[in-house]
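# Topology and contacts: notes
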Amino acid sequence: MTDHEHHHHHHHHESSELSETDLRVRALQTILIDKGYTDAAALDAIVEAYEQKIGPHIGARIVARAWIDPVFRQKLLADATAAAAPFGQGGRVGDHLVAVENTPERHNMVVCTLCSCYPWDVLGLPPVWYKSFAYRSRTVKEPRSVLREFGVTLPERTEIRVWDSTAEVRYLVLPMRPAGTEDWSEEKLATLVTRDSMVGTGLPLGPEARP
Amino acid sequence: MNGIHDMGGMDGFGKVEPEENEPVFHAPWEGAVMAATRVMGANGGWNIDQGRYGIELLPPDRYLTSYYHRWLARCEWALVKYGYADADEIAAGKSLRPGKAPPRGKFTVADLGRVTRRGTFFRETNSTAKFAIGDRVRTRNIHPQGHTRLPRYVRGHVGVVERLHGCQVFPDSAAMGQGDNPQWLYTVRFDGRDLWGADADPTVVVSVEAFEPYLEAVT
């Protein structure tokens, strides 16, 4: 079955499937609350944190800082957990974050073939494509064809360095600063840093993206 | 275990289809499952490796549903497996008897930081690392029935140690309830052609994080 067919199949059954799933999830919440493992306010707070507070804007600020501040860039590449801490929710990010730098010779991509490991602290929850079977299966074998599906074509000689997150190390890609942004502020630069550029499936926007 | 979850290098899953302006959750129940699961991790109900193993134990047809359907199935399974609910309660959709106190007690809003900030997996040990950066190593040809984080596509291949990450919780032990059993962790890099054959893209380099028990010296 192709992804496309799967998608249609899913929509076809969505209404009945969702209601059964909704009931199971409601039951799960009821059991956790009735048994005193948590309360409704705490469950809501977790959802709210990932919907509103923790997302790729955190990583974008870290990248923009690295672009304008060479000392910070060195610190980020040496110990990303420590360097990124001030940008994280509550002024910290968890262990063990590693930043990997794109250069004209090397492009980095991050994947988790075994599950869906992703740097939640600095990028938020992973998008569906990151968790998809197509991305997880193909990225370690044919990363260039995966990149083409994101509209990214790199020079033939560029090394594609794929990081399969098989342990508790989490990777943040430090993309290259777009040309033509030499006099830009950190804040303005951050608007060019897309989520995908920090996973390695995209490149930062160009200066023309902002008037 | 050699499960459906170990997807690196498989064919047949089609194209990657990024979604424009994707929402964080596609339905409220997805967020609810995520929060419920994270609560039981943060209060010590089960560890991250036990959680991952729970997903790997799903039969392939259930695994191949959706990400949060897997999380839902895993949460129901783990509540029963680790003694926080009984199967009849999951079936009834409500609590029928008192629960078991989780190691870190009830999770409240005050504990939010334990969810939004990852914990540390570093552990102090007296052992010294067997391998150094630049060493050539071969991944062991292992096929454990339990949980492992050594993907099939790198087993038996020769790579180069690129980074050393200190001693960390060993998932193969932690998932089976055998304690942290900390092990040295390395980034090991492989040439794409060594993994995928002479016809593969010569510009591809792939790495995994490999715990020391996954590796042997190449002499």
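Here, the structure is the one placed above.
A brief look at the structure comes next. The structure presented is a predicted model; accordingly, all values stated were derived computationally and were not measured.

Reading guide: rules and limits
Each chain carries its own residue numbering, running from 1 in the direction its sequence is written. Labels are handed out in written order, letters beginning with A for the chains and numbers beginning with 1 for the ligands. In view of the model being predicted, local features appear only for residues whose pLDDT reaches at least 70, and side-chain atom pairs are presented and counted only at 80 or more, with totals across whole chains, interfaces and linings using the full set of residues. Hydrogens and waters are ignored; side-chain quantities use all the structure's heavy atoms. Each axis is a line fitted through C-alpha atoms, taken for helices only over the stretch in contact, and angles between the N-to-C directions span 0 to 180 degrees. In this description a helix means any DSSP run of H or I spanning at least four residues, a strand means any run of E spanning at least two, and both kinds are numbered starting from the N terminus. An angle below 35 degrees is treated as roughly parallel, one above 145 as roughly antiparallel, one from 65 to 115 as roughly perpendicular, and anything else as oblique. Take the far helix as your reference; a near helix turned counterclockwise from it by less than a right angle gives a left-handed crossing, and one turned clockwise gives a right-handed crossing. The contact criterion used throughout is that any non-hydrogen atoms of two residues lie within 4.5 Å. For this classification, Asp, Glu, Lys and Arg are treated as charged, while Ala, Val, Leu, Ile, Met, Phe, Trp, Tyr, Cys and Pro are nonpolar and the rest, including Gly, are polar. With a 1.4 Å probe rolled over the protein chains alone, any residue whose accessible area is under 20% of its type maximum counts as buried; one over 50% counts as exposed, and the rest are partly exposed. A side-chain nitrogen of Lys or Arg and a carboxyl oxygen of Asp or Glu constitute a salt bridge if their distance falls within 4 Å. Grid points spaced at 1 Å over the protein atoms alone were grouped into cavities, where a 1.4 Å probe fits but cannot get out, and pockets, open sets with protein on both sides within 12 Å along at least five of seven lines, with lining residues defined by an atom within 4 Å of a point. Grid points are joined across faces, edges and corners, and a volume is the space filled by probe spheres set on the points. Two parts placed together each lose some accessible area under a 1.4 Å probe, and adding up what both lose gives the buried area. Each polar contact in these results corresponds to two N or O atoms within 3.5 Å; when the atoms are within protein, one needs to be able to donate a hydrogen and the other to accept it, and residues that are neighboring in sequence are counted only if both atoms are side-chain atoms. Pairing between strands is defined by DSSP: at least two bridges between them are needed.

## With respect to the packing of helix α2 (residues 48-56) of chain B against helix α4 (residues 67-81) of chain B
Residue and element names in this part refer to chain B.
- Across the interface, α2 lies against α4 with an axial gap of 9 Å and an inter-helix angle of 115°. Here α2 is positioned roughly perpendicular relative to α4, judged by the angle of their axes. The way α2 lies across α4 gives a crossing that is right-handed. Where α2 approaches α4, its residues Q50, G51, R52, G54 and I55 are matched on the opposing element by R70, W71, R74 and W77.
- When grouped by side-chain class, the residues that make up the contact of α2 with α4 number 3 nonpolar, 3 polar and 3 charged.

## Re unusual backbone geometry
- Geometrically, the link from D95 of chain A to H96 of chain A is a cis peptide bond, its omega value of 0° lying close to zero.
- Mapped onto the fold, H96 of chain A is located in the loop between α6 (80-84) and β1 (97-101).
- The phi angle at N21 of chain B is positive, at roughly 45°, despite the residue not being glycine.
- Among the secondary structure elements, N21 of chain B is positioned in the segment before α1 (28-42).
- A positive phi angle is found at N181 of chain B, which is not glycine, with a value near 40°.
- Position of N181 of chain B relative to the elements: it lies in the loop between α7 (171-174) and β3 (183-191).
- Given a relative accessible area of 36%, N181 of chain B falls into the partly exposed group.

## Focus: the pattern of salt bridges
- On inspection of all chains with the given rule, the structure shows 24 salt bridges over all chains.
- Here E76 of chain B makes a salt bridge to R24 of chain A, at a shortest N to O gap of 2.9 Å. With E76 of chain B in helix α4 and R24 of chain A in helix α2 (residues 14-34), this pair bridges two chains.
- Judged by relative accessible area, E76 of chain B falls into the buried class, the value being 14%.
- Note that D196 of chain A and R195 of chain A form a salt bridge whose closest N and O atoms lie 3.1 Å from each other.
- Using a relative accessible area of 16% as the deciding quantity, one classes D196 of chain A as buried.
- In this structure R195 of chain A comes out as partly exposed when scored by relative accessible area, which is 23%.
- Members of the salt-bridge network, linked through shared partners, are K35 of chain A together with D86, D88, E89 and R97 of chain B.

## Remarks on the layout of surface pockets
Residue and element names in this part refer to chain B.
- Estimates place the volume of the second largest pocket at around 1200 Å³.
- Considering the residues around the second largest pocket, the lining is formed by 42 residues, among which R38, G41, N47, I48 and F121 are closest to the centre.
- Classifying every residue of the lining of the second largest pocket by side-chain character gives 17 nonpolar, 10 polar and 15 charged.

## Quick notes on the interface of chain B and chain A
- Facing 93 residues of chain B, the contacting portion of chain A comprises 84 residues.
- Summed over both partners, the interface of chain B with chain A buries about 7600 Å², with 60% contributed by carbon and sulfur atoms.
- At the boundary of chain B with chain A, the tally comes to 7 salt bridges.
- Residue K35 of chain A is joined to E89 of chain B by a salt bridge in which the shortest nitrogen-to-oxygen separation is 2.8 Å.
- Inspection of the region where chain B meets chain A yields 41 residue pairs in polar contact (both at pLDDT 80 or more).
- Here the residues of the side of chain B that touches chain A sort into 45 nonpolar, 24 polar and 24 charged.
- Relative to strand β4 (residues 204-211) of chain B, strand β3 (residues 159-164) of chain A runs parallel, the two being bridged by 5 bridges. Among the inter-strand pairings, D164 of chain A is bridged to a residue of β4 of chain B, identified as V208 of chain B.

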